[in-house]
Amino acid sequence: MALQLLKETKFWRVDSEDEAVDMITEYKDNAIKGGYTVTKSGYKIKTKKSKGEIVDLWAEVEITFAYEV
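Residues numbered from 1 in each chain as written. Predicted model: local features only at pLDDT ≥ 70, side-chain atom pairs only at ≥ 80, totals over all residues. Heavy atoms only, no water.

Colleague: Is there a simple way to think about the overall build of the protein in this case?
Modeller: Looking only at helices and strands, one finds two helices and three strands in the protein. Ordering the α and β elements of the protein from the N terminus gives β-α-α-β-β. For a compact globule of 69 residues, the expected C-alpha radius of gyration is about 11 Å, and the protein comes in at 16 Å, more than 25% above that figure. Taken along the three principal axes of its C-alpha coordinates, the protein extends 55 × 25 × 15 Å. (Helix = DSSP H or I, 4+ residues; strand = E, 2+ residues; numbered from the N terminus. Rg over C-alpha atoms; globule rule 2.2 N^0.38 Å.)

Colleague: Sorry if this is basic, but what is going on with the confidence of the model for the protein here?
Modeller: Summarising the model, the protein shows a mean pLDDT of 95, and 100% of its residues fall at 70 or more. At the level of individual helices and strands, the protein shows its lowest average pLDDT in helix H2 (residues 31-34), which scores 90, and its highest in strand S1 (residues 7-14), which scores 98. (pLDDT = per-residue confidence, 0-100.)

Colleague: Is there a simple way to explain helix H1 (residues 17-29) in this structure?
Modeller: Given 3.6 residues per helical turn, the α-helix brings residues three or four places apart onto the same face. If you check H1, its first and last C-alpha atoms are 18 Å apart, about what 13 residues at 1.5 Å a residue would give, namely 18 Å. For H1, the set of buried residues is Ala20, Met23 and Ile24. Along H1, the residues classed as buried sweep out an arc of 95 degrees about the axis, all on the same side. Exposed side chains of H1 directed beyond 90 degrees from the buried face belong to Asp18, Asp22, Glu26 and Asp29. Buried-residue contacts for H1 involve S1, strand S2 (36-50) and strand S3 (53-67). (Expected span 1.5 Å × (residues − 1). Buried < 20%, exposed > 50% of the residue type's maximum accessible area, 1.4 Å probe, protein only. Arc of directions from axis to C-beta. Contact = heavy atoms within 4.5 Å.)

Colleague: What should I look at first to understand the pattern of salt bridges in this one?
Modeller: It is possible for side chains of opposite charge to pair when their charged atoms get near one another. Enumeration according to the criterion identifies three salt bridges in this entry. The shortest N-O distance in the salt bridge between Arg13 and Asp56 comes to 2.8 Å. With Arg13 in strand S1 and Asp56 in strand S3, the pair connects residues that are 43 residues apart, well separated along the chain. For the salt bridge of Glu62 with Lys40, the shortest nitrogen-to-oxygen distance reads 4.0 Å. (Salt bridge = Lys/Arg side-chain N within 4 Å of Asp/Glu carboxyl O.)

Quick look at the structure:
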């Protein structure tokens, strides 16, 4: 019995919203060459607060890949 990966979702933390958008665009542009399809993608801006002040800001990127059979 052969096992074959059909689909997976990956998560990354990047420093900014611009990086998140660039990353998603890059994966979509390289899909044909990489042998996958991006079926879902998005990002969320996250913050860490201390005493009511923002001390850290980042974006979390989520991309779901579907692989060719």
